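Residue-level listing of the chains:
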Amino acid sequence: MLDSGISRRAVLMGASATAAWLASPARALVQAAAKLAVPSLVDQLIDRMTLEEKAGQLQLMAAAWGGGAALSLNPPGSGSNFEGQVGEARQGSLTGVFNGNGARMARIMQSAAVKESRMKIPLIFAADIIHGHRTIFPVPLAEVGSFEPDLARRTAEAAAFEASGAGIDWTFSPMVDVARDQRWGRGVEGGGEDPLLGRLFAAARVHGFQGANLKANDHLLACIKHFAAYGAGESGLDYNVVDMSHARLREVYLQPYKAGFDAGAMSAMASFNEINGIPSTANHWLMTELLRGEWGFKGFVVSDYTGDEEMIAAGYAKDGRDATKLAFLAGVDMSMQSGLYRKYLPDLVRSGEVPQATLDESVRRVLALKAMLGLFDDPFRRIDEKREAARSMLPKTRSLAREAGRKSIVLLKNDGDLLPLPRSGKRIALIGPFASGAHDLVGPWVVYGDDKKAVDLASGVRAAVANRASVSVTQGSGINEPLAGGIEQAVAAARAADVVVLAIGESFDMSGEAQSRTEIVVPPAQQQLAEAVAATGKPMVVVLKHGRALALEGAVANAPAILATWFLGTETGNAIADVLFGAYSPSARLVASFPWKSGQEPYYYAHKETGRPNPPGDLQPYKAHFRGISNSARYPFGHGLTYGKIAYSDLALSSPTLPMNGRIQVSARIANRGTRAAEEVVQLYLHDRVASVTRPVRELKAFRKIALAPGASEVVRFTLTPTDLGFYGADARPVVEPGTFDVWIAPSAEAEGVHGSFDLLA
Ligand code: BGC
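The structure contained in this document is the topic of the report that follows. (Residues numbered from 1 in each chain as written. Predicted model: local features only at pLDDT ≥ 70, side-chain atom pairs only at ≥ 80, totals over all residues. Heavy atoms only, no water.)

1. Observations concerning the overall build of the protein
Then step 1. From N to C terminus, the protein includes 24 helices and 28 strands.
Then step 2. Taken over C-alpha atoms, the radius of gyration comes to 27 Å for the protein, in line with the 27 Å a tight globule of 762 residues would show.
Then step 3. For the protein, the spread of C-alpha atoms along the three principal axes comes to 80 × 70 × 45 Å.
Then step 4. Looking at the 762 residues of the protein, the share that counts as buried comes to 61%.
Then step 5. The contacts of the protein with a sequence gap of at least 6 include a subset with a gap of at least 24, amounting to 78%.
Then step 6. By element, 52% of the accessible surface of the protein is carried by carbon and sulfur atoms, the whole surface being about 27200 Å².
Then step 7. Of the side-chain charges in the protein, 79 are positive and 79 negative, and the distance between the mean point of each set is 4 Å. (Helix = DSSP H or I, 4+ residues; strand = E, 2+ residues; numbered from the N terminus. Rg over C-alpha atoms; globule rule 2.2 N^0.38 Å. Buried < 20%, exposed > 50% of the residue type's maximum accessible area, 1.4 Å probe, protein only. Contact = heavy atoms within 4.5 Å. Areas by Shrake-Rupley, 256 points an atom, 1.4 Å probe, with all protein chains shown as cover. Lys, Arg positive; Asp, Glu negative; His and termini not counted. Charge placed at Lys NZ, Arg CZ, Asp CG, Glu CD.)

See the structure below:
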């Protein structure tokens, strides 16, 4: 339909103009949209809409009757401007709202839009469903550690099931920003430091949210965010600038976004940051040439929360009108929260600064998506108060949360096989601010979840042991402040016990948006608690709660057993107890490296080598290391122990050489020499020894998670092709260069595992 419109226009323009049109980004844009199955209804609507109504379809606002905490704080009619917002729906001056208050709110607003507005266009309801709706799953950073993309697909699907029952059509998720600086607070929402995992989990989550049919009333529209490179802000400061080569951008940071779009995500959110001086929100190359032209994206782009307006403070736009023009012409179809688009777009079109056709194109994209979501067929298809209640926190969803929880826990250390603990015969002192209590369980970026409906650690542990009375619970410290008498009580509790489980770490609001930290350590008050408890000499298991990789110190680092448990959500206590008492052998791996010290940030395993690497062993003068510590991680990416004893041997290559059009098989034998069953994440890393652009010391190219019974072994085989050996050259184009490649099959990015090499032939 659109294509024929284009060719008519091209014919009318004459030959040279036609050529210019054919080569123009606008043509690419329209062509991309042409691939959408736009129902004719959409064009008919566009023909009849006023400029104000069109701009209204491109304006998204936060719900005046907000969800979650606002449920009790801001009931309708108690001074909120909900009535005003319903009026806007009636007037056709907004396309939808986000983070609203469930099906009841959606019904009132949708009724106003489809029954009382002139065009009767349905609203779209959005929300930040990041790791669950009512049932909260582990934070994404934790879940990626499962190395099981299908787990993320299943939790996204379960979140979509609950949320779509509550009137939500669109989630602002998955967040797929690669994050390599652990000071940044928002790494918790994403997939960690590695592009391969980032890609696989982005695609899995899109499939889970969207399902096979966007019209289904148990699925949602996904939104890939924050496009692009939001995770690379200088010094880990949230919203900060990004200055980076296009080769690195393409090779690392763009990978997960691309995978999300390839998986069918039909919306994207512009990032707050600038890249090389241009805010993403006004970046025509990013939003139009790359996204729509090169990648063929057919959905729509929304700005982040007031991201358009923020270009004024950033020194890129003169005023709101200018910001609107810059963002819109760059390819950002919809504005979130600033109100700028509905304020300025009509006039910008009237003055000729914004072509009418471009406005129509964005409206067409948005309406086409509303049609794909089934909203024109039945605007109330996801709005059903009974279904909202009936779908909430079902036993099967909670059991998935428990499964995802235990699969997200990383066993960092287990000296002397302190874990698993026996279920009986030991007195356990559960100590620390996270030992008990309905706080900090569901973690950051939860709009509709509730700590009070989640299982705390004490409840999980008590349910797992034979005798509840064998467990004592002592707070010992506040999260940031010491507790009067807390250390004395904790020490007494430790002395009276056989083993201590020390639950310490970060509160939920120490990560998330605008929560960058300068020191990524356990807060000092809790560190003091750890020192005092450790001094009792009782065996101590540290259970960390955290939204980022941490730099562990002193008694925490020296504890014989350490579990990284992140924020696991609704089933926190049960999931941790499953691992503590051996009902589940830990299988997750770190997807964010734990450095030795905060000052090493940004630290990531796939860093490059300097010309003065420190050889293995002691630190040497004038070699690349920090004063007193090496340029490595305490616990690197990929690290995680099991309750088995896993051994790697017998690396075998199918050939010493790989021809340019061939393939090579690399295998190793993985054995469990222990007495307990285990799941091992077998990882394959490559290093290109010499290249036209220096290459990382290692890159993850493949992995497999295998189950090994005690005494069992398995030969794990990987097949590599030259494409796996390629990279982006100095001109940011993909290249594959012959040469020698190191290959490791190993249990982490910095473990030796088994190691060989082969040559890629010219
Ligand atoms: C965040 C987005 C989020 C939006 C709406 C912004 O501050 O950066 O990730 O989707 O708010 O809540």
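2. Let's talk about the site of the ligand
Then step 1. For the ligand, the set of nearby residues contains 14 residues, the closest of which are Asp128, Arg186, His226, Asp304 and Glu513.
Then step 2. One of the side-chain N or O atoms of Asp128 is found 2.5 Å from an oxygen atom in the ligand.
Then step 3. In the model, an oxygen atom of the ligand is placed 2.7 Å from a nitrogen or oxygen of the Glu513 side chain.
Then step 4. Of the residues belonging to the shell around the ligand, the class tally is 7 nonpolar, 2 polar and 5 charged. (Near = heavy atom within 4 Å. Polar contact = N/O pair within 3.5 Å; in protein donor to acceptor, adjacent residues only side chain to side chain. Nonpolar A, V, L, I, M, F, W, Y, C, P; charged D, E, K, R; others polar.)

3. Digging into the pattern of salt bridges
Then step 1. Evaluation of the coordinates by the stated rule reveals 45 salt bridges.
Then step 2. The partner of Asp384 in a salt bridge is Arg387, and the shortest N-O contact between them spans 3.6 Å.
Then step 3. Classification of Asp384 by relative accessible area gives partly exposed; the value is 23%.
Then step 4. Asp742 serves as the salt-bridge partner of Arg689, at 2.8 Å between the closest nitrogen and oxygen. Taken together, the residues Arg689 in the loop between strand S22 (678–688) and strand S23 (699–708) and Asp742 in strand S27 (residues 739–746) connect sequence positions 53 residues apart.
Then step 5. On the accessibility criterion, Arg689 (46% relative accessible area) is partly exposed.
Then step 6. Taking relative accessible area as the criterion, Asp742 reaches 7% and is therefore assigned buried.
Then step 7. Because the salt bridges share partners, they merge into one network encompassing Glu148, Arg154, Glu403, Lys407 and Lys705. (Salt bridge = Lys/Arg side-chain N within 4 Å of Asp/Glu carboxyl O.)

4. What about the sheet that holds strand S21 (residues 664–672)?
Then step 1. The strand order across the open sheet formed by 3 strands is S19-S21-S24, and the pairing between neighbours is antiparallel. What marks the edges here is a single partner per strand, and that holds for strand S19 (646–653) and strand S24 (713–720). Each strand of the sheet is rotated relative to its neighbour by a mean of 20°, with strand direction disregarded.
Then step 2. Examined bridge by bridge, S21 and S24 share 8 bridges and lie antiparallel to one another. When the sheet's bridge partners are listed, Ser667 is paired in S24 with Arg717. (Pairing = 2+ DSSP bridges. Axes fitted to C-alpha atoms, helices over the stretch in contact; angles between N-to-C directions.)

5. Quick look at helix H4 (residues 40–48)
Then step 1. Residues of H4 that are buried include every one of Val42, Asp43, Leu45 and Ile46, and no others. End-on, the buried residues of H4 take up no more than an arc of 160°, which puts them together on one face. Projecting away from the buried face of H4 at angles above 90 degrees are the exposed residues Asp47 and Arg48.
Then step 2. Looking at the buried side of H4, the elements it contacts are helix H5 (51–56) and helix H17 (356–372). (Arc of directions from axis to C-beta.)

6. Here we look at the environment of Thr610
Then step 1. Position of Thr610 relative to the elements: it lies in the loop between strand S17 (594–595) and strand S18 (633–635).
Then step 2. C-alpha separation for the pair Thr610 and Trp285, spaced 325 residues apart in sequence, amounts to 33 Å.

7. Examining the environment of Ala535
Then step 1. Position of Ala535 among the secondary structure elements: in the loop between helix H22 (524–534) and strand S15 (540–545).
Then step 2. Accessibility expressed as a relative area gives 67% for Ala535, which makes it exposed.
Then step 3. Residues Ala535 and Thr358 lie 177 residues apart in sequence; the distance between their C-alpha atoms is 69 Å.

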